[in-house]
Amino acid sequence: ELGQPLSRPPTVNHSARVGAAAILTPPQRRTMVNGTVITLYLMRSGPSCADALDGCTANIAKAAAAFGAQRDGINDALAGTPYNAVDIKPGCRLTLDDGQSVRLRDAYSDPGLTTYGRDRSRAAGRELRRRVEPDLVVCSVLRRARLTAEAAFPSHDIFTAPYLAEAEDDRLLALDDAPMSPSAGGLSYVDPTRRDWASSNYHAFLTFLGGRLARKPRASKSSSLSEKITAESDHTAVAVTHGALLKKACGLDAEPPHNTVWRRRLLVTQEHVREEPGPCDLFMDATPPVHLSVGCDDAPHKPWDVSPFLDDEAVLTGPGTFSFPDEVVHDEL
(Lines give C-alpha, C1' and ligand atoms only; values in the text may rest on other atoms or scores of the structure.)
Protein backbone atom coordinates (compact mmCIF):
# COMPACT_ATOMS: atom_id res chain seq x y z
CA GLU A 1 0.00 0.00 0.00
CA LEU A 2 0.98 3.62 -0.38
CA GLY A 3 3.61 4.56 2.16
CA GLN A 4 3.86 1.10 3.75
CA PRO A 5 7.36 -0.17 4.46
CA LEU A 6 8.99 -2.83 2.34
CA SER A 7 9.44 -6.26 3.81
CA ARG A 8 13.00 -6.44 5.08
CA PRO A 9 15.26 -8.94 3.32
CA PRO A 10 17.04 -11.35 5.66
CA THR A 11 20.44 -10.20 6.87
CA VAL A 12 23.31 -12.33 5.63
CA ASN A 13 25.08 -14.12 8.51
CA HIS A 14 28.71 -13.80 7.50
CA SER A 15 29.90 -15.70 10.59
CA ALA A 16 28.28 -18.86 9.19
CA ARG A 17 30.65 -18.97 6.24
CA VAL A 18 33.07 -21.69 7.25
CA GLY A 19 35.00 -24.50 5.59
CA ALA A 20 37.61 -24.37 2.85
CA ALA A 21 36.71 -20.84 1.75
CA ALA A 22 37.28 -19.58 5.28
CA ILE A 23 40.75 -21.10 5.32
CA LEU A 24 41.75 -19.41 2.07
CA THR A 25 40.11 -16.05 2.79
CA PRO A 26 41.60 -13.63 5.34
CA PRO A 27 39.17 -13.08 8.23
CA GLN A 28 37.09 -9.91 8.15
CA ARG A 29 37.22 -7.39 10.94
CA ARG A 30 34.58 -7.84 13.61
CA THR A 31 32.68 -4.72 12.48
CA MET A 32 32.38 -6.15 8.98
CA VAL A 33 31.16 -9.55 10.23
CA ASN A 34 28.44 -8.09 12.45
CA GLY A 35 27.22 -5.46 10.02
CA THR A 36 25.13 -5.30 6.87
CA VAL A 37 26.83 -3.72 3.85
CA ILE A 38 24.78 -1.47 1.56
CA THR A 39 26.03 -0.06 -1.72
CA LEU A 40 24.29 3.23 -2.44
CA TYR A 41 24.22 4.85 -5.89
CA LEU A 42 23.38 8.55 -5.84
CA MET A 43 22.10 10.02 -9.11
CA ARG A 44 21.53 13.69 -9.80
CA SER A 45 18.08 14.37 -11.26
CA GLY A 46 17.64 15.20 -14.95
CA PRO A 47 17.38 18.73 -16.40
CA SER A 48 14.17 20.43 -15.25
CA CYS A 49 11.95 23.13 -16.67
CA ALA A 50 13.53 25.56 -14.20
CA ASP A 51 16.99 24.58 -15.48
CA ALA A 52 15.81 25.44 -18.99
CA LEU A 53 15.29 29.03 -17.83
CA ASP A 54 19.04 29.36 -17.32
CA GLY A 55 18.98 29.77 -21.11
CA CYS A 56 16.44 32.59 -20.97
CA THR A 57 16.43 34.90 -23.98
CA ALA A 58 18.65 37.98 -24.03
CA ASN A 59 16.01 39.74 -26.13
CA ILE A 60 14.34 41.95 -23.53
CA ALA A 61 11.40 42.76 -25.84
CA LYS A 62 10.68 39.04 -26.22
CA ALA A 63 11.01 38.47 -22.48
CA ALA A 64 8.72 41.42 -21.73
CA ALA A 65 6.07 40.10 -24.11
CA ALA A 66 6.26 36.64 -22.53
CA PHE A 67 6.00 38.15 -19.05
CA GLY A 68 2.97 40.24 -20.02
CA ALA A 69 1.18 37.18 -21.36
CA GLN A 70 1.96 35.03 -18.31
CA ARG A 71 2.09 37.49 -15.45
CA ASP A 72 -1.03 36.05 -13.82
CA GLY A 73 0.39 32.52 -13.89
CA ILE A 74 3.69 33.67 -12.42
CA ASN A 75 1.90 35.51 -9.62
CA ASP A 76 -0.32 32.50 -8.99
CA ALA A 77 2.90 30.57 -8.35
CA LEU A 78 3.97 33.33 -5.94
CA ALA A 79 0.64 33.22 -4.07
CA GLY A 80 2.14 31.53 -1.01
CA THR A 81 4.87 34.16 -0.70
CA PRO A 82 4.74 37.84 0.37
CA TYR A 83 5.56 38.95 -3.20
CA ASN A 84 4.06 39.75 -6.58
CA ALA A 85 6.03 40.12 -9.81
CA VAL A 86 5.55 43.49 -11.50
CA ASP A 87 8.16 43.54 -14.28
CA ILE A 88 10.98 41.62 -15.94
CA LYS A 89 14.47 43.03 -16.48
CA PRO A 90 17.49 41.99 -18.61
CA GLY A 91 18.88 38.64 -17.61
CA CYS A 92 15.29 37.42 -17.05
CA ARG A 93 15.14 38.76 -13.52
CA LEU A 94 11.70 39.42 -12.07
CA THR A 95 11.13 42.71 -10.29
CA LEU A 96 8.98 42.20 -7.20
CA ASP A 97 6.49 44.65 -5.75
CA ASP A 98 8.89 45.60 -2.94
CA GLY A 99 11.66 46.50 -5.40
CA GLN A 100 13.76 43.35 -4.95
CA SER A 101 14.53 41.05 -7.86
CA VAL A 102 14.85 37.28 -8.32
CA ARG A 103 15.70 34.97 -11.19
CA LEU A 104 12.74 33.88 -13.30
CA ARG A 105 13.52 30.22 -12.55
CA ASP A 106 13.12 30.92 -8.81
CA ALA A 107 9.39 31.48 -9.42
CA TYR A 108 8.75 28.11 -11.09
CA SER A 109 7.13 25.85 -8.49
CA ASP A 110 8.52 22.31 -8.10
CA PRO A 111 9.35 21.81 -11.79
CA GLY A 112 9.19 18.60 -13.75
CA LEU A 113 11.65 17.54 -16.44
CA THR A 114 12.18 19.06 -19.84
CA THR A 115 11.48 16.74 -22.75
CA TYR A 116 15.21 16.29 -23.12
CA GLY A 117 15.58 15.74 -19.38
CA ARG A 118 13.12 12.85 -19.59
CA ASP A 119 14.90 11.28 -22.57
CA ARG A 120 18.30 11.82 -20.98
CA SER A 121 17.14 10.14 -17.75
CA ARG A 122 15.83 7.16 -19.72
CA ALA A 123 19.22 6.83 -21.43
CA ALA A 124 21.05 7.16 -18.11
CA GLY A 125 18.86 4.43 -16.65
CA ARG A 126 19.58 2.08 -19.53
CA GLU A 127 23.31 2.47 -18.96
CA LEU A 128 23.08 2.19 -15.17
CA ARG A 129 20.90 -0.93 -15.29
CA ARG A 130 23.63 -2.73 -17.23
CA ARG A 131 25.73 -2.58 -14.07
CA VAL A 132 23.28 -2.20 -11.17
CA GLU A 133 20.18 -4.15 -10.14
CA PRO A 134 18.88 -2.30 -7.07
CA ASP A 135 16.86 -3.77 -4.23
CA LEU A 136 15.35 -0.34 -3.62
CA VAL A 137 14.93 2.85 -5.69
CA VAL A 138 14.10 6.06 -3.85
CA CYS A 139 13.89 9.72 -4.80
CA SER A 140 13.54 13.08 -3.12
CA VAL A 141 10.21 14.84 -2.57
CA LEU A 142 10.85 17.11 -5.57
CA ARG A 143 8.97 16.21 -8.76
CA ARG A 144 12.03 16.25 -11.02
CA ALA A 145 13.65 13.56 -8.86
CA ARG A 146 10.62 11.25 -9.08
CA LEU A 147 10.29 11.76 -12.84
CA THR A 148 13.99 11.00 -13.24
CA ALA A 149 13.72 7.81 -11.19
CA GLU A 150 10.61 6.67 -13.07
CA ALA A 151 12.33 7.26 -16.42
CA ALA A 152 15.55 5.52 -15.34
CA PHE A 153 13.89 2.53 -13.62
CA PRO A 154 10.54 2.00 -15.36
CA SER A 155 10.09 -1.55 -14.01
CA HIS A 156 10.75 -0.69 -10.35
CA ASP A 157 8.54 0.71 -7.64
CA ILE A 158 9.80 4.20 -6.84
CA PHE A 159 9.47 5.40 -3.24
CA THR A 160 9.78 9.00 -2.13
CA ALA A 161 12.29 9.10 0.74
CA PRO A 162 12.84 11.76 3.42
CA TYR A 163 15.87 14.05 3.71
CA LEU A 164 16.92 13.95 0.03
CA ALA A 165 15.57 17.36 -1.02
CA GLU A 166 17.89 19.99 -2.45
CA ALA A 167 20.12 21.74 0.07
CA GLU A 168 18.91 25.19 1.07
CA ASP A 169 20.68 28.33 -0.06
CA ASP A 170 20.34 32.05 0.64
CA ARG A 171 18.00 32.92 -2.24
CA LEU A 172 15.08 35.23 -1.51
CA LEU A 173 12.78 32.83 -3.38
CA ALA A 174 13.45 29.18 -4.22
CA LEU A 175 10.11 27.81 -5.44
CA ASP A 176 11.98 25.49 -7.80
CA ASP A 177 13.29 23.66 -4.72
CA ALA A 178 10.02 23.75 -2.75
CA PRO A 179 8.06 20.45 -3.01
CA MET A 180 4.35 20.62 -3.69
CA SER A 181 3.63 17.20 -2.17
CA PRO A 182 5.30 14.70 0.22
CA SER A 183 4.82 11.93 -2.35
CA ALA A 184 4.69 13.63 -5.79
CA GLY A 185 1.77 11.33 -6.58
CA GLY A 186 3.60 8.04 -5.96
CA LEU A 187 4.64 5.58 -3.26
CA SER A 188 6.20 7.31 -0.30
CA TYR A 189 8.06 6.70 2.95
CA VAL A 190 7.71 10.37 3.90
CA ASP A 191 5.61 11.18 6.96
CA PRO A 192 3.78 14.43 6.11
CA THR A 193 2.99 15.00 9.81
CA ARG A 194 6.67 15.57 10.55
CA ARG A 195 7.84 19.18 10.36
CA ASP A 196 11.03 18.16 8.57
CA TRP A 197 9.38 16.12 5.79
CA ALA A 198 10.76 18.46 3.09
CA SER A 199 14.23 18.88 4.58
CA SER A 200 17.66 18.11 3.19
CA ASN A 201 19.75 16.03 5.60
CA TYR A 202 22.06 13.47 4.03
CA HIS A 203 23.14 11.77 7.27
CA ALA A 204 19.53 11.44 8.43
CA PHE A 205 18.78 9.84 5.06
CA LEU A 206 21.56 7.28 5.59
CA THR A 207 20.09 6.37 8.96
CA PHE A 208 16.65 6.01 7.34
CA LEU A 209 18.12 3.82 4.57
CA GLY A 210 19.94 1.59 7.05
CA GLY A 211 16.72 1.00 8.95
CA ARG A 212 14.82 0.29 5.76
CA LEU A 213 17.19 -2.30 4.25
CA ALA A 214 18.95 -3.78 7.26
CA ARG A 215 18.28 -3.12 10.93
CA LYS A 216 17.11 -0.08 12.83
CA PRO A 217 20.19 1.67 14.21
CA ARG A 218 19.94 3.39 17.56
CA ALA A 219 22.10 6.30 16.41
CA SER A 220 20.29 9.45 15.35
CA LYS A 221 22.80 10.13 12.56
CA SER A 222 25.48 8.35 10.60
CA SER A 223 29.22 8.35 11.24
CA SER A 224 32.32 7.57 9.19
CA LEU A 225 34.55 4.51 9.05
CA SER A 226 38.33 4.78 9.15
CA GLU A 227 38.84 2.62 6.04
CA LYS A 228 37.14 1.43 2.86
CA ILE A 229 34.66 -1.45 3.06
CA THR A 230 35.98 -4.58 1.33
CA ALA A 231 33.13 -6.98 2.09
CA GLU A 232 30.54 -7.80 -0.58
CA SER A 233 27.26 -5.90 -0.52
CA ASP A 234 24.18 -7.40 1.09
CA HIS A 235 21.84 -4.82 -0.46
CA THR A 236 21.94 -2.22 -3.24
CA ALA A 237 19.97 1.02 -3.41
CA VAL A 238 19.63 3.89 -5.88
CA ALA A 239 18.67 7.37 -4.66
CA VAL A 240 17.81 10.22 -7.03
CA THR A 241 18.65 13.56 -5.48
CA HIS A 242 20.08 16.98 -6.39
CA GLY A 243 23.24 18.88 -7.24
CA ALA A 244 23.90 20.90 -4.09
CA LEU A 245 23.15 17.94 -1.82
CA LEU A 246 25.54 15.75 -3.86
CA LYS A 247 28.27 18.38 -3.75
CA LYS A 248 28.07 18.55 0.04
CA ALA A 249 27.48 14.85 0.76
CA CYS A 250 30.12 13.51 -1.63
CA GLY A 251 32.83 16.09 -0.99
CA LEU A 252 32.79 17.45 -4.57
CA ASP A 253 34.27 20.73 -5.76
CA ALA A 254 31.15 21.64 -7.74
CA GLU A 255 27.67 20.36 -8.49
CA PRO A 256 27.97 17.40 -10.88
CA PRO A 257 26.24 17.26 -14.30
CA HIS A 258 22.66 16.03 -14.45
CA ASN A 259 22.24 12.23 -14.25
CA THR A 260 25.79 11.64 -13.01
CA VAL A 261 25.97 8.70 -10.57
CA TRP A 262 28.17 8.52 -7.47
CA ARG A 263 28.73 5.44 -5.31
CA ARG A 264 28.89 5.19 -1.54
CA ARG A 265 29.20 2.05 0.63
CA LEU A 266 27.66 1.83 4.09
CA LEU A 267 28.02 -0.50 7.06
CA VAL A 268 24.86 -0.85 9.17
CA THR A 269 24.95 -2.22 12.71
CA GLN A 270 22.51 -2.06 15.59
CA GLU A 271 24.38 1.00 16.81
CA HIS A 272 25.21 3.08 13.74
CA VAL A 273 25.09 3.60 10.02
CA ARG A 274 28.71 4.19 9.03
CA GLU A 275 29.93 5.28 5.60
CA GLU A 276 33.29 4.89 3.95
CA PRO A 277 35.82 7.71 4.46
CA GLY A 278 36.69 10.28 1.82
CA PRO A 279 34.68 11.51 -1.17
CA CYS A 280 32.17 9.38 -3.06
CA ASP A 281 33.38 7.27 -5.96
CA LEU A 282 32.34 8.43 -9.44
CA PHE A 283 30.44 5.46 -10.85
CA MET A 284 28.84 6.83 -14.04
CA ASP A 285 29.92 10.10 -15.59
CA ALA A 286 27.72 12.23 -17.83
CA THR A 287 28.59 15.09 -20.14
CA PRO A 288 26.64 18.31 -19.52
CA PRO A 289 23.71 18.99 -21.87
CA VAL A 290 24.64 21.14 -24.85
CA HIS A 291 21.42 23.08 -24.35
CA LEU A 292 18.22 22.42 -22.47
CA SER A 293 15.19 21.59 -24.59
CA VAL A 294 12.21 23.95 -24.43
CA GLY A 295 9.58 21.23 -24.14
CA CYS A 296 8.37 20.56 -20.58
CA ASP A 297 6.42 17.47 -19.54
CA ASP A 298 4.73 19.37 -16.73
CA ALA A 299 1.06 19.54 -17.71
CA PRO A 300 -1.16 19.78 -15.75
CA HIS A 301 1.31 20.76 -13.01
CA LYS A 302 3.19 23.62 -14.65
CA PRO A 303 2.32 27.03 -13.18
CA TRP A 304 3.26 28.78 -16.44
CA ASP A 305 5.03 28.02 -19.73
CA VAL A 306 8.79 28.50 -20.00
CA SER A 307 8.90 28.20 -23.81
CA PRO A 308 8.07 31.85 -24.67
CA PHE A 309 11.06 32.98 -22.59
CA LEU A 310 13.53 30.91 -24.61
CA ASP A 311 15.11 31.37 -28.01
CA ASP A 312 14.45 28.75 -30.67
CA GLU A 313 18.12 27.81 -30.83
CA ALA A 314 17.92 26.64 -27.20
CA VAL A 315 16.63 23.29 -28.43
CA LEU A 316 19.16 20.51 -27.94
CA THR A 317 20.78 19.47 -31.23
CA GLY A 318 23.54 17.07 -30.15
CA PRO A 319 23.62 14.16 -27.71
CA GLY A 320 25.92 13.88 -24.74
CA THR A 321 27.51 10.69 -23.40
CA PHE A 322 27.50 8.45 -20.34
CA SER A 323 30.61 6.53 -19.35
CA PHE A 324 31.96 4.26 -16.64
CA PRO A 325 35.56 4.62 -15.44
CA ASP A 326 36.39 1.07 -16.54
CA GLU A 327 34.46 0.98 -19.85
CA VAL A 328 34.41 2.70 -23.21
CA VAL A 329 32.09 5.67 -23.78
CA HIS A 330 28.47 4.91 -24.70
CA ASP A 331 26.21 7.21 -26.69
CA GLU A 332 23.51 8.79 -24.57
CA LEU A 333 20.68 8.97 -27.08
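Residues numbered from 1 in each chain as written. Predicted model: local features only at pLDDT ≥ 70, side-chain atom pairs only at ≥ 80, totals over all residues. Heavy atoms only, no water.

Points about the nonpolar core
1) Next: Of all hydrophobic cores here, the largest spans 30 residues; its most connected members are Leu40, Leu42, Leu136, Val138, Phe205 and Leu209.
2) Next: Listed by contribution, the elements that provide at least two residues to this core are β1 (36-44), β5 (136-139), α7 (202-213), β9 (235-241), α8 (243-250) and β10 (261-268).
3) Next: Ranked by residues supplied to this core, first place goes to α7 with seven residues.
4) Next: Residues Leu78, Ala85, Leu96 and Val102 belong to the second largest nonpolar core, which totals 28 residues. (Core = buried A, V, L, I, M, F, W, Y, C linked by side-chain atoms within 4.5 Å. Buried < 20%, exposed > 50% of the residue type's maximum accessible area, 1.4 Å probe, protein only. Helix = DSSP H or I, 4+ residues; strand = E, 2+ residues; numbered from the N terminus.)

Overview of unusual backbone geometry
For residues other than glycine, phi is negative in most cases, and the peptide bonds are mostly trans.
1) Next: Residues other than glycine seldom take positive phi values, yet Cys92 does so here, at roughly 50°.
2) Next: The phi angle at Asn259 is positive, at roughly 70°, despite the residue not being glycine.
3) Next: Residue Asn259 is classed as buried on the basis of its relative accessible area, which comes to 0%.

A short note on the packing of helix α5 (residues 115-129) against helix α6 (residues 143-152)
1) Next: Viewed as axis vectors pointing N to C, α5 and α6 meet at an angle of 50°, and their least axial separation amounts to 7 Å. Relative to α6, the element α5 lies oblique. The handedness of the crossing between α5 and α6 is right-handed. Side by side, α5 and α6 meet where Arg118, Ser121, Arg122, Gly125 and Arg129 of the first sit next to Thr148, Ala151 and Ala152 of the second.
2) Next: When its residues are assigned to classes, the contact of α5 with α6 shows two nonpolar, three polar and three charged. (Axes fitted to C-alpha atoms, helices over the stretch in contact; angles between N-to-C directions. Parallel < 35°, antiparallel > 145°, perpendicular 65-115°, else oblique. Left-handed = near helix turned anticlockwise from the far one by under 90°. Contact = heavy atoms within 4.5 Å. Nonpolar A, V, L, I, M, F, W, Y, C, P; charged D, E, K, R; others polar.)

Thoughts on the confidence of the model for the protein
1) Next: Residues of the protein with pLDDT of at least 70 account for 81%, and the chain-wide mean is 84.
2) Next: Every residue in residues 1-33 is under pLDDT 50, and counting partners more than four places away or in other chains gives 40 contacts. (pLDDT = per-residue confidence, 0-100.)

A look at the sheet that holds strand β4 (residues 101-103)
1) Next: Pairing is antiparallel in the open sheet, where three strands are placed in the order β2-β3-β4. Of all the strands in the sheet, just β2 (85-89) and β4 have a single pairing partner and so form its edges. Each adjacent strand pair in this sheet contributes to an overall mean axis angle of 35°, direction not counted.
2) Next: Two elements, β2 and strand β3 (residues 93-96), share four bridges in a ladder whose sense is antiparallel. Each residue of the ladder has a partner; that of Ile88, found in β3, is Leu94.
3) Next: Sheet strands touched by helix α4 (residues 60-77): β2 and β3. Its angle to β2, the strand with the most contacts, is close to 160°. (Pairing = 2+ DSSP bridges.)

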